[in-house]
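Spelled out from the first residue to the last, the chains are:
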Amino acid sequence: MKKISTLFLVLAMALTACGGSSDPQVALSAAITSPADGTELQLGAPVVIAGKVTGGAVKSVQVLGDGTTIATISNATAPGEYAISQNWATQQTGSHVIQLRGLNDKGDTLIATESFFKIKAPQPTAAPIPTATPVTPTPLPAALITPTPKPALAITVTNDFANVRQGPDATTTLVGRFDKGQTATVLGKSEDGKWWFIQWAGNPGKGWVLGELVSLSGDAASVPVVKADGSPIAGAAPTAVGATPVATATSAVAPTAIAPTIAAPTAAPTAAPTTAPTAASGAQIVVTNAFVNVRTGPGTGYAQVGQLTQNQTVPVKGKSADGQWWQVTFQSGPGGLGWVINTFVRFEGDAASVPVVQVAPPVSNTATPTTTGNTGGAFFVALVNVPTNSVADGKAKEVLLALYNEARAEAKLPLLKYSSVLEKSAQGHADDLAKTGVGSHTGSDGSDPRTRMTRVGYAGRYAAENWAWSRSAEQAFDMWFNQEYPDGVHRRTILSPNYTEVGIGVSTSRSGYFFIANFGG
């Protein structure tokens, strides 16, 4: 069943102008006719995927089941029209999701649609119950009475859905999903008490769910603290999960690209340098951007420990092997050191005299993220501390632009310029969503992103929109960039070479904010 949550739901549309299309008059549309949304099929019944995608700029259609590519259709049945008829063999019971994505000639998603359905196991035939002759039980001596086993702790999903992850962290791989009301047995909890380790019917059989999305039945203090793989932590005392609710589920589905409600990411443990740096005489960097993030290692996979602001000057101690990152003096960093990407600073001194510092890869107390399905690009993990004051400080737009460009710089892509024109369309839509309280790419007047951008005078060939409801700009970015599969549409938009500029809108709604990012190129 399709579920649209007004909290923490993120969708993205990547739209392209019709220039160069074989039939620019064909409008973008996508529909799945089979299996219809909410359909229930018996295990063993054929799953026939049928639908249609149209669009003058559409050059192929990607068919996905549970996030994995089933087929790519390149032959149009008519100019700008692709009729889909594809069989899918799956023998797993529970919820499933089908997606159709219309792609342009560069592989960018122009339009997408999805349908949720369930596969149910056949009901067993009840066997006749024989008539039993009443027998008067003989009381057992007290020493022989076996105590009744304590019932297992369980969680029940209270949110519209809860994602199951490989580890107790919002950046680890998604392995399934529970719907509201489903339950699962609790096997353990994380050290910080925010995640439950559960047993469930899907593959791999065990996983982690965020406590705030579920409710627990039982004594939270009695739940053992376990590692990411479920093994006990020696000497760890049980930690109550406080008032944080928790979830349980009897069936699950591999998650879609829709990002769930998330908690603030847990900062990755600091990776200690394997080579002690020698200070380069007189070498320093000057921050040229509004600010630059300082991390524990040379990459966005390392934890953020702070920021340097524009025109701030700090001594350089070392550099990364690829020359993209500078190791600098930073009091709040481990050992008084930190790393900044070279894109946002100006180096002063003799770069050749700066020693290369070898740093261990970023380590984590959770399972290593893996890629599943169609991995259309590199999986960048940008683990950030998520403050709640970036909006209050009036820096939300600066923060988002810096995070976008940090990710693009590491991917060796041109940086995005800030567009005041795109900001007008983004801010207008953010204000519109705040009034209705419902997140969507469709405005209250029925407008789509391209229409809104055209209204304010934007005439670029490429256009895209990301939206999120979140409590901070950092959290919104984390949802767009880290909470999806490696080829998720939001990450692909952020890292697409088609886009050269961005405008951002922010508007208050309830206890959070609607964030809109309009991309153009």
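Refer to the structure presented above.
Please read all numbers here as calculations on a predicted model, not as lab measurements. (Residues numbered from 1 in each chain as written. Predicted model: local features only at pLDDT ≥ 70, side-chain atom pairs only at ≥ 80, totals over all residues. Heavy atoms only, no water.)

Engineer: So what's going on with the sheet that holds strand β8 (residues 94-103)? Residues and values would help.
Structural biologist: Across the sheet, five strands lie side by side as β3-β9-β8-β5-β6; this open sheet has mixed pairing. In the strand order of this sheet, the two ends are held by β3 (40-42) and β6 (68-73), each with one partner. Strand-to-strand twist of the sheet, defined as the mean angle between neighbouring strand axes without regard to direction, takes the value 25°. Here strand β5 (residues 60-65) runs beside β8; their pairing, made up of six bridges, is antiparallel. (Pairing = 2+ DSSP bridges. Helix = DSSP H or I, 4+ residues; strand = E, 2+ residues; numbered from the N terminus. Axes fitted to C-alpha atoms, helices over the stretch in contact; angles between N-to-C directions.)

Engineer: Got a sec to walk through the nonpolar core? Specific residues and values, please.
Structural biologist: If you look at the biggest cluster of nonpolar residues, it comprises 30 residues, and the most contacted ones within it are Tyr 404, Trp 480, Phe 515 and Phe 519. Taken together, the elements giving at least two residues each to this core come down to α1 (396-410), β25 (462-470), α4 (473-482), β26 (501-509) and β27 (512-520). The biggest single contributor to this core is α1, with eight residues. (Core = buried A, V, L, I, M, F, W, Y, C linked by side-chain atoms within 4.5 Å. Buried < 20%, exposed > 50% of the residue type's maximum accessible area, 1.4 Å probe, protein only.)

Engineer: Go over α1 with me, naming the residues and quoting the values.
Structural biologist: When the terminal C-alpha atoms of α1 are compared, their 21 Å separation across 15 residues agrees well with the 21 Å that a helix rising 1.5 Å per residue should span. Among the 15 residues of α1, 13 are classified as buried, and the element is accordingly described as predominantly covered. Within two residues after α1, Lys 412 carries a phi angle of roughly 60°, on the positive side. (Expected span 1.5 Å × (residues − 1).)

Engineer: Go over the packing of aromatic side chains with me, naming the residues and quoting the values.
Structural biologist: Going through the model one piece at a time under the given rule, you end up with 10 aromatic pairs. Centre to centre, the rings of Trp 467 and Phe 514 are 6.1 Å apart; their planes meet at 55°, and the pair counts as tilted. Here Phe 514 lies in strand β27 and Trp 467 lies in strand β25, a separation of 47 residues in the sequence. The same class applies to Trp 467 as to Phe 514, namely buried. Among the aromatic side chains, those forming a connected cluster through ring pairs are Tyr 404, Tyr 462, Phe 477, Trp 480, Phe 481, Tyr 499 and Phe 519. Between Arg 491 and the ring centre of Phe 481, over which it is positioned, the NZ or CZ distance is 5.3 Å. (Phe/Tyr/Trp six-rings, centres within 6.5 Å; stacked < 30°, edge-to-face > 60°. Lys NZ or Arg CZ within 6 Å of the ring centre and 35° of its normal.)

Engineer: How would you explain helix α2 (residues 420-436) if you had to name every residue and give the values?
Structural biologist: Here α2 spans 25 Å end to end across 17 residues, near enough to the 24 Å set by a 1.5 Å rise per residue. Inspection of α2 places Leu 422, Ser 425, Ala 426, Gln 427, His 429, Ala 430, Asp 432 and Leu 433 among the buried residues, and these make up the whole buried set. Each element contacted by the buried residues of α2 is listed here: α1, α3 (449-455), β25, β26 and β27. The backbone nitrogen of Val 421 has a side-chain oxygen 3.3 Å away, supplied by the residue at the start of α2, namely Ser 419. Gly 437 lies just past α2 and shows a positive phi near 75°. (Contact = heavy atoms within 4.5 Å. Polar contact = N/O pair within 3.5 Å; in protein donor to acceptor, adjacent residues only side chain to side chain.)

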